[in-house]
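Listed below are the residues making up each chain.
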There are 2 protein chains.
Amino acid sequence: MLAVLCGDRHPPDMGPIESGAEIRYTDEKGLPEALRGADALFVYDFLSTAVPGAWHAADRVRWVHIASAGVDPVMFPELRESDVVLTNSRGVFDDSIAEYVLGVVIAFAKDLPRSLELQRERRWQHRESERVAGRRALVVGTGPIGRAIARLLRAAGLVVSGMGRRERDGDPDFGTVYASADLATRVGEFDYVIAVAPLTEQTKGMFDAAAFAAMKPAARFVNVGRGELVVTSDLVTALREGQIAGAALDVFDVEPLPADHPLWTLGNVVLTPHMSGDFVGWRNTLVEVFADNFARWRDGRPLRNVVDKQLGYVPSGQ
Amino acid sequence: MLAVLCGDRHPPDMGPIESGAEIRYTDEKGLPEALRGADALFVYDFLSTAVPGAWHAADRVRWVHIASAGVDPVMFPELRESDVVLTNSRGVFDDSIAEYVLGVVIAFAKDLPRSLELQRERRWQHRESERVAGRRALVVGTGPIGRAIARLLRAAGLVVSGMGRRERDGDPDFGTVYASADLATRVGEFDYVIAVAPLTEQTKGMFDAAAFAAMKPAARFVNVGRGELVVTSDLVTALREGQIAGAALDVFDVEPLPADHPLWTLGNVVLTPHMSGDFVGWRNTLVEVFADNFARWRDGRPLRNVVDKQLGYVPSGQ
């Protein structure tokens, strides 16, 4: 018996799974009822925050799979302390998000948003632009998405370092990885600072006033991780006061971003609606990843992408 | 005696050259007088079309250097048929233009212009986007700029072919190079078609109604070469009728593009004002390239970047 939290939009390609299990598709409201007696939960609506509130009804769930890389929506104490296995969709979004990040980096360097503005006004205004090659980028978050970003930025000529829990050298994708604890002392060396860390108690709000104040005034901040990595009001202040030169944000602490939020209208900001990883076909790929784990689960084989619930992400090498 | 066509804006860093020659800085109007008795001409104002009309006064010019990669503004019969040596600024713009091209490719794939539009309207509208890796790009023009574009697109995961005068295989940057004569039969295989050929009698207007009709409806056209490579009215029609999906244009047959030109307001078009190669410091680099050739000329050493005036560009291997 499988519960699928999906709202109105059912996942595609569920035929093979439907033939092997009884499935209850549900929206947030029906979740407690769907959980009662279910053996597993597929959180297809990965933006939903309804799982913790419905968990009391999960009387025999042994496995939860989430259709995203970040598992923060299901990182609540009852699940964390339980024996329930949690798996995620690691790998689906890596290369697409990396392309997005390289795209906004070049857009900043070449002043593309301003060109589009001038185009709307039919104004021909030559400007000089920046080179991309040789610029320094710090990728904060050393999971698979961060690694894909590092590889692609490096391929385009940027000089890349990483930032993770522990400082180390000789990483195949990052070379040097700095410790997150040293963010404020290291971040001033970089032209692009890219947030892609998992959201945990340790990373929540790590991009705060002190971090932005330590960045170069010419630096651009890119967030493709989670909105809550950032103290948004501090980011707004940093942009307003010119502490940093720009930001490209695909994630926000409240989504959808409210229409009256100051970020919408700040200069030098590129906003996208949590879509950087969502290439045409992503929903099918998400279901493929789930289907593979579902077959493993049914057969009693080891699952893929098992989250370390104390760390809050899938450890590397898994 | 050196004539420098530069208008109001003198080239920077001319000190070392000024100490070795008498220099006449001039605008278009004063060009005939400046040419009279001059031994060499530095066309710093590389967009000027004034050289052919003033050439009658060039009674002893032996060398013309132009501060651009394209030499079409000085490809007039009197210069072409003469013994005057023509050199260009090959190499200065290569990597910067390649970055611009990759930037607009990713911007199209990730629908960035639409995101900026929606942002202006404060509208949160999730969309799916395209992958970049695996898409096919045709780079029309196999000079140094085209090669830099090919290398960078390939580094970002695109599958790249070239198009030049002669068909050949095993090119280090392009793999296969198709013959320009086969444009209409080959172009339909590509997602991105990038124009960077030199403007010659053979390439003028090569992107015409037939070429656009042969492209995929999903194809994007990028022009970083010369506006006259394109029959602009055919491009406008192709965009209006959906024969192609978009265009990024940095060059135009009339520059600045007139305010009432239909290209300004067509959907799926990104316009930039002939700036794709102009990184911060480009003017200094252009003068460095000239200064190197000037020292060679004064010392009687062979010049760099000598244009084959019959071909209309610097042959590869030079």
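Thresholds, definitions, all that
Residues numbered from 1 in each chain as written. Chains lettered and ligands numbered in written order. Predicted model: local features only at pLDDT ≥ 70, side-chain atom pairs only at ≥ 80, totals over all residues. Heavy atoms only, no water. Helix = DSSP H or I, 4+ residues; strand = E, 2+ residues; numbered from the N terminus. Rg over C-alpha atoms; globule rule 2.2 N^0.38 Å. Buried < 20%, exposed > 50% of the residue type's maximum accessible area, 1.4 Å probe, protein only. Contact = heavy atoms within 4.5 Å. Areas by Shrake-Rupley, 256 points an atom, 1.4 Å probe, with all protein chains shown as cover. Axes fitted to C-alpha atoms, helices over the stretch in contact; angles between N-to-C directions. Parallel < 35°, antiparallel > 145°, perpendicular 65-115°, else oblique. Left-handed = near helix turned anticlockwise from the far one by under 90°. Nonpolar A, V, L, I, M, F, W, Y, C, P; charged D, E, K, R; others polar. Core = buried A, V, L, I, M, F, W, Y, C linked by side-chain atoms within 4.5 Å. Least-squares fit on C-alpha atoms with pLDDT ≥ 70 in both. Buried area = accessible area lost by both parts, 1.4 Å probe. Salt bridge = Lys/Arg side-chain N within 4 Å of Asp/Glu carboxyl O. Polar contact = N/O pair within 3.5 Å; in protein donor to acceptor, adjacent residues only side chain to side chain.

**Student:** Before we go on, may I ask you to explain the overall build of chain A in this structure?
**Tutor:** Across its full length, chain A holds 11 helices and 13 strands. Rg of the C-alpha trace for chain A: 21 Å, near the compact-globule value of 20 Å for 318 residues, within the 12% margin. When the backbone C-alpha atoms are referred to their principal axes, chain A occupies close to 65 × 45 × 30 Å. A burial count over chain A gives 55% of its 318 residues as buried. A sequence separation of at least 24 residues applies to 57% of the contacts in chain A between residues at least 6 apart. For chain A, the accessible surface area stands at approximately 12700 Å², while carbon and sulfur atoms represent 48% of it.

**Student:** Before we go on, may I ask you to explain the packing of helix α5 (residues 94-109) of chain A against helix α5 (residues 94-109) of chain B in this structure?
**Tutor:** Packed helix pairs are characterised by how far apart their axes lie and by the angle those axes make with each other. Following both chains from N to C, one finds α5 of chain A and α5 of chain B inclined at 125°, their axes separated by 9 Å at the closest point. One element, α5 of chain A, and the other, α5 of chain B, form an angle in the oblique class. Where α5 of chain A crosses over α5 of chain B, the two elements pack in a sense that is left-handed. Touching Glu 99, Leu 102, Gly 103 and Ile 106 of chain A of α5 of chain A are Glu 99, Leu 102, Gly 103 and Ile 106 of chain B, all from α5 of chain B. For the contact of α5 of chain A with α5 of chain B, the per-class residue count stands at four nonpolar, two polar and two charged.

**Student:** What's the story with the nonpolar core in this structure? I'm lost.
**Tutor:** Within soluble globular proteins, side chains that are nonpolar generally end up buried alongside one another. Formed by 165 residues in total, the largest nonpolar core has its most connected members in Ile 149 of chain A together with Ile 149 of chain B. Ignoring any residue separated from it by four or fewer positions in sequence, one finds Ile 149 of chain B in contact with Ile 97, Ala 98, Val 101, Val 139, Ile 194, Val 196 and Val 224 of chain B.

**Student:** Sorry, what's going on with the relation of the copies chain A and chain B here?
**Tutor:** Note: a rotation about an axis with an accompanying shift along it relates these two copies of the chain. The operation relating chain A to chain B is a screw motion whose rotation component is 180°, with 0.0 Å of axial translation and a residual RMSD of 0.0 Å. What the rotation and shift describe, once combined, is the action of a two-fold rotation axis. Both copies contact each other with a shared surface, as 100% of the interface residues of chain A are interface residues in chain B too.

**Student:** Just checking my understanding: could you explain the interface of chain A and chain B for this structure?
**Tutor:** Interfaces are often described in size by the accessible area the parts lose on coming together. At the junction of the two partners, chain A supplies 52 residues and chain B supplies 52 residues. Across the chain A/chain B interface, buried area totals approximately 4700 Å², and carbon plus sulfur atoms make up 63% of it. Taken together, chain A and chain B are joined by four salt bridges. Measuring nitrogen to oxygen at the nearest pair gives 3.0 Å for the salt bridge that ties Glu 99 of chain A to Lys 110 of chain B. Joining chain A to chain B, the criterion identifies 24 residue pairs in polar contact (both at pLDDT 80 or more). Elements represented by at least two residues in the side of chain A that touches chain B include exactly α5, α6 (112-120), α7 (144-155), β13 (269-271) and α11 (282-299) of chain A.

**Student:** Where do I start with the pattern of salt bridges in this structure?
**Tutor:** Two side chains bearing opposite charge may form a pair once their charged atoms approach each other closely. Residues and elements named next belong to chain A. For the coordinates displayed, the defined rule picks out 38 salt bridges over all chains. Two residues, Asp 292 and Arg 304, come together in a salt bridge whose shortest N-O distance is 3.0 Å. Of the two residues, Asp 292 is situated in helix α11 and Arg 304 in the segment after α11; the sequence distance between them amounts to 12 residues. On the basis of relative accessibility, which here comes to 29%, the residue Asp 292 falls in the partly exposed class. Two residues, Arg 298 and Asp 299, come together in a salt bridge whose shortest N-O distance is 3.8 Å. Residue Arg 298 is classed as partly exposed on the basis of its relative accessible area of 47%. The class of Asp 299 is partly exposed, set by a relative accessible area of 46%.

**Student:** What am I meant to see in the side chain of Asp 250 of chain A here?
**Tutor:** All names here are of chain A. Along the chain, Asp 250 turns up in the loop between β12 (246-249) and β13. At 2.7 Å, the side chain of Asp 250 and the side chain of Thr 272 are in polar contact. Not counting residues within four places of it along the chain, the set of residues in contact with Asp 250 comprises Tyr 100, Asn 223, Val 224, Glu 255, Thr 272, Pro 273, His 274, Met 275 and Ser 276.

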